[in-house]
Amino acid sequence: MSATVMDGRATAATVVADVASRVSTLKRPPKLVFVQATDDAASASYVRSKARLAAKAGIDNETLKLPPTVDQEGLEATVRDLNVDDGVDGILVQLPLYPHLNAQSILEAIDPAKDVDGFHPENVGRLWLGQAAWAPATPQGVIELLDRHAIDVAGVNVTIVGRSMLVGKPAAALFLQRHASVTMVHSRSRDMVQHVRAADVIVAAAGRPGLIKREMVKAGAVAIDVGQSMSDGALVGDVAPDVAEVASFVTPTPGGTGPMTVAMVVKNTLLAYETRLGPNA
Ligand code: NAP
């Protein structure tokens with residue numbers, strides 16, 4: 001058996017096309033503002049790719065690049081200005097920040113209604129309460145990828161490898177909402193292999209290349225690879241390539257969950273606009 005490869009680029013393009021078609025009917029284009037308080041080259045490249053895709057969907061976007069001299073108060077003031085700007089629908093503070101800045105208090109300064117990244121404690125809490133909330137884009141992209149491949153997770157065993165606030169924890173909340181039986185494993189788990197073997201759906205988000213091996217995967221399982229690491233100049237995932245010989249579905253790296261993450265930021269901006277403006281959208 002050879003797994004079906006879930007094409008994240010093609011699926012992301014479909015999501016963006018759907019957003020673009022809705023945006024074309026709105027009174028004004030939604031607006032997303034990126035706040036970039038870092039010199040990190042990878043972060044700058046993530047912001048550029050999100051900005052490109054937002055533009056493709058007809059979403060206005062602006063990047064505020066702050067100098068290394070910006071202090072905590074300056075950054076928080078920037079965020080507060082965006083909170084009260086009625087023309088701004090989504091705010092995305094790209095992490096990591098310059099090392100002297102405190103990320104948590106900046107994330108808490110964002111208006112939860114404009115928090116398209118879903119990191120504000122109010123959105124985190126709402127997500128776990130099962131209320132309407134912005135969820136972080138990466139696990140949301142995982143769910144969208146499954147939905148768009150008609151994979152129903154109700155009642156199935158999902159094992160999530162990794163427990164970060166960015167991926168593992170919100171993924172667990174989203175899968176629980178979909179009625180999956182969720183197991184989370186992490187670096188301190190004694191029996192990761194056993195939990196992965198029991199899974200119908202594996203979400204690998206550890207950032208450890210090839211951590212999930214063929215012999216750990218049940219025949220017919222779905223293997224979603226979130227991990228992204230550089231190895232010998234190439235981007236590689238946490239799921240070993242030969243897992244495709246036993247799984248029913250796999251995601252490629254690159255071209256799997258990465259493009260879906262970017263597409264979900266774009267989708268969330270449209271949803272933030274619609275939620276704020278209600279019937280006047
Ligand atoms: P993180 O904050 O470093 O968290 C990694 C998690 O994996 C931690 O919970 C850690 O356990 C666990 N872990 C590490 N080694 C492990 C092992 N050998 N066995 C079991 N669990 C292990 O990273 P992150 O931000 O969640 O990102 C995870 C990966 O996803 C990275 O490769 C990142 O580049 C990638 N990523 C991809 C996308 C995308 O769009 N595809 C988006 C975001 C991140 P402890 O908690 O015990 O330390």
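The shown structure was predicted, so the numbers you read here are calculated from the model rather than taken from an experiment.

The rules behind each value
- Each chain carries its own residue numbering, running from 1 in the direction its sequence is written.
- Thresholds applied to this predicted model are a pLDDT of at least 70 for local features of residues and 80 or more for the giving and counting of side-chain atom pairs; totals over whole chains, interfaces and linings are not thresholded and use all residues.
- The side-chain values count all of the structure's non-hydrogen atoms but skip hydrogen atoms and water molecules.
- Numbering of helices and strands starts at the N terminus; helices are DSSP runs of H or I of at least 4 residues and strands are runs of E of at least 2.
- What the globule rule says is 2.2 Å times the number of residues to the power 0.38, and the radius of gyration is computed from C-alpha atoms.
- Categorising residues by exposure relies on relative accessible area from a 1.4 Å probe, with only protein chains included: less than 20% of the type maximum marks a residue as buried, more than 50% marks it as exposed, and the intermediate range marks it as partly exposed.
- Contact between two residues is taken to exist if any of their heavy atoms lie within 4.5 Å; hydrogens are not considered.
- Here the open area of atoms and residues is found with the Shrake-Rupley method and a 1.4 Å probe, where only the protein chains shown may cover a residue.
- Residues scored as positive are Lys and Arg, those scored as negative are Asp and Glu, and His as well as the terminal groups of each chain are ignored.
- In plain terms, the charge of a residue is placed at NZ if it is Lys, CZ if Arg, CG if Asp and CD if Glu.
- Domain limits in this description derive from either an automatic procedure or a database domain assignment.
- Any two strands with at least two DSSP bridges between them are considered paired.

Focus: the overall build of the protein
Scanning the protein from terminus to terminus reveals nine helices and 11 strands. Taking 2.2 N^0.38 as the reference for a compact globule, 281 residues should give roughly 19 Å; the C-alpha atoms of the protein span a radius of gyration of 19 Å, in line with that estimate. In terms of its C-alpha atoms, the protein occupies a principal-axis envelope of roughly 55 × 45 × 35 Å. Across the 281 residues of the protein, 48% fall into the buried class. The contacts of the protein with a sequence gap of at least 6 include a subset with a gap of at least 24, amounting to 73%. Here the protein displays about 12500 Å² of accessible surface, and carbon together with sulfur accounts for 54% of that area. Side-chain charges in the protein split into 26 positive and 30 negative, and the spacing between the mean points of these groups amounts to 3 Å.

So, the domain arrangement of the protein
Each assigned domain of the protein is listed here: domain 1 (28–111) and domain 2 (137–258). Spacing between the C-alpha centres of domain 1 and domain 2 amounts to 29 Å.

Observations concerning the pairing of strand S8 (residues 222–225)
Along S8, one buried face is formed by Val222 and Ile224 and the opposite face, lined by Ala223 and Asp225, is buried too. Pairing of S8 with strand S11 (residues 249–250), which is carried by two bridges, proceeds in the parallel orientation. Along S11, the bridge assignment pairs Val222 with Phe249.

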